[in-house]
Amino acid sequence: MTTTESRTDIPEHLRVDYDVFDPALTHPVDRFQDEVARLAAIGPVVYSSAYGGHWVVTGYDEAHEVLRDPVRFSSFHNDIRATSPDRILPLELDPPEHTAYRQALQPLFSPPRMKSLEQVIRDTANELLDGFAKRGSAEFVAEFAHELPTRMFLSLMDLPLSDAPLFTEASDTFLQGKPELGEQGSREAAEAAMLRMHGYFAQVVAERKNRAEPGADVTSRIIHTPVEINGETRNFTDEELCNMFFLLLLGGLHTVQGSLAWGLLHLSRNPDQRERLISDPDLMPAAVEEILRMEAAVSMGRRATQDTVLAGIPIKAGDQLLISLSGANRDPRQFPDPTRFDIERTPNRHLSFGVGPHRCIGSHLARIELIVAMQEIHRRIPDYRLDPDDPPVWHPAQTRGVVKMPILFTPEP
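Being a predicted model, the structure only gives us computed values, none of them experimental.

Undergrad: Account for the sheet that holds strand β2 (residues 45-48), with residues named and values stated.
TA: Strand order in this open sheet of six strands is β1-β2-β3-β11-β8-β4, and the pairing throughout is mixed. Both edges of this open sheet fall to β1 (15-16) and β4 (73-74), since each of them pairs with a single strand only. Set on the sheet, helix α2 (residues 60-67) makes contact with β2, β3 (54-57), β4, β8 (299-304) and β11 (320-324); between it and β11 the angle comes to about 125 degrees.

Laid out in structure tokens, this is it:
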């Protein structure tokens, strides 16, 4: 790999010291957005010295250009630290190979199918609120923000709720690593977590294949749906299925968890807008879009497949890029007064679900989960506030999030 130190073609004013995994970005206080804003002030594309060197894209137009062009910018590697030749499927495939996976999954996450889950989501949200609404306090992430998407994932996949702790531990470790073990130990822990989940899903696949009647759940539908890959019509292999299920797990849990917590953070800081939501729950869909814009969880990785130019800057074939969606969502060229939280912002063409071939396939489910959950929260514990004696804990990563968020509120009678 060509390192920053050996590159003589990077203009000095574009060189930055930025590591999206650096714990100092979020501890002891969360300064992630401030750091991204610092990079954006230099330019929409800058060059970081971390992990052998990579470009960081913070501009909206530039992020849009990269994500929509898999010919120039491959999604392999998505993890900017990765060196393995193995791919996470279908995340690290490009069209046309990626297209078969997309076509198989798309109908299972269509807007009508996800809309049909609204009452289940509402019932689940209220069941979770029942657990602490009379108490006047809660650890919001553990008791609600993590539990809701976890239960919905288990329901969609027809997996036992008792397995939720396994998913929690494995997905947390894969995304966050174990920093206390050092860089190498942390990476090995993340790989071990992925292997544990692959082993779990391998057992699920074997069991579903042996069922006399395939179920209607997402797991069974994917297993038994023929697809055309490289001109051959076949079912997905066990390895391909385990990869996809693990990716659905990661995509379904942590982004919704973070967005729920960030929603409470921003609305508690903007009580006038919160009051409007309490009095008019129909404003919630627009409010959710603004929450998503303000706090995009994902920074996507791409690799240049050819010498090209981005924002007037030469990019070499093989160069790694990190696409900061949180930076793109605060680009003043696209969003007037971009740091202002406005639940009625329009238009609001944020990139939090990505764009192009890899646009988040679960976006319809995520939106419904967020809208319904926030409506129920504001109906039942509307005066929530962060606990001043126990501040939130955040974690940095390419999928960043909120680890803990204690809240206080007036108990239900």
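Undergrad: How would you sum up the nonpolar core? Please name residues and give values.
TA: Counting 91 residues, the largest nonpolar core has Phe-144, Phe-153, Phe-201, Ile-222, Leu-260 and Met-405 as the members making the most contacts within it. Per element, the largest residue contribution to this core is 16 residues, and it comes from helix α11 (residues 238-269). By size, the runner-up hydrophobic cluster in this structure holds 37 residues, among which are Ile-10, Leu-14, Val-57 and Leu-310.

Undergrad: Before we move on, can you summarise the packing of aromatic side chains with the specific residues and values?
TA: Two measures describe an aromatic ring pair: the distance that separates the ring centres and the angle between the ring planes. Applying the stated criterion across every chain yields a total of twelve aromatic pairs. Aromatic side chains Tyr-47 and Trp-55 sit 4.7 Å apart centroid to centroid with 85 degrees between the ring planes, which places their arrangement in the edge-to-face category. In this structure, Tyr-47 and Trp-55 share a single accessibility class: buried. One Lys or Arg, Arg-293, reaches over the ring of Phe-335 and ends 5.2 Å from the middle of that ring.

Undergrad: So what's going on with the packing of helix α8 (residues 164-176) against helix α9 (residues 182-209)? Which residues, and what values?
TA: Here α8 crosses α9 at 145 degrees, and the two axes come no closer than 8 Å. Seen along the crossing, α8 lies across α9 with a hand that is left-handed. Counting all contacts with α8, which are made through Leu-166, Phe-167, Glu-169, Ala-170, Thr-173, Phe-174 and Gln-176, the residues of α9 involved are Ser-186, Ala-189, Ala-190, Ala-193, Met-194, Arg-196, Met-197, Tyr-200 and Phe-201. Of the residues belonging to the contact of α8 with α9, the class tally is eleven nonpolar, three polar and two charged.

Undergrad: Which residues make up the layout of surface pockets, and what values do they have?
TA: The calculated volume of the second largest pocket comes to roughly 530 Å³. Lining of the second largest pocket is provided by 24 residues; of these, Phe-21, Pro-23, Gln-176, Pro-179 and Pro-396 occupy positions nearest its centre. For the lining of the second largest pocket, the leading source of residues is α9, giving four residues. In the lining of the second largest pocket, the residues fall into twelve nonpolar, seven polar and five charged.

The rules we used
- Residues numbered from 1 in each chain as written.
- Predicted model: local features only at pLDDT ≥ 70, side-chain atom pairs only at ≥ 80, totals over all residues.
- Heavy atoms only, no water.
- Pairing = 2+ DSSP bridges.
- Helix = DSSP H or I, 4+ residues; strand = E, 2+ residues; numbered from the N terminus.
- Contact = heavy atoms within 4.5 Å.
- Axes fitted to C-alpha atoms, helices over the stretch in contact; angles between N-to-C directions.
- Core = buried A, V, L, I, M, F, W, Y, C linked by side-chain atoms within 4.5 Å.
- Buried < 20%, exposed > 50% of the residue type's maximum accessible area, 1.4 Å probe, protein only.
- Phe/Tyr/Trp six-rings, centres within 6.5 Å; stacked < 30°, edge-to-face > 60°.
- Lys NZ or Arg CZ within 6 Å of the ring centre and 35° of its normal.
- Left-handed = near helix turned anticlockwise from the far one by under 90°.
- Nonpolar A, V, L, I, M, F, W, Y, C, P; charged D, E, K, R; others polar.
- 1 Å grid on protein atoms, 1.4 Å probe; cavity = no way out; pocket = protein on both sides within 12 Å on 5 of 7 lines; lining within 4 Å.
- Points joined across faces, edges and corners; volume = space filled by probe spheres on them.

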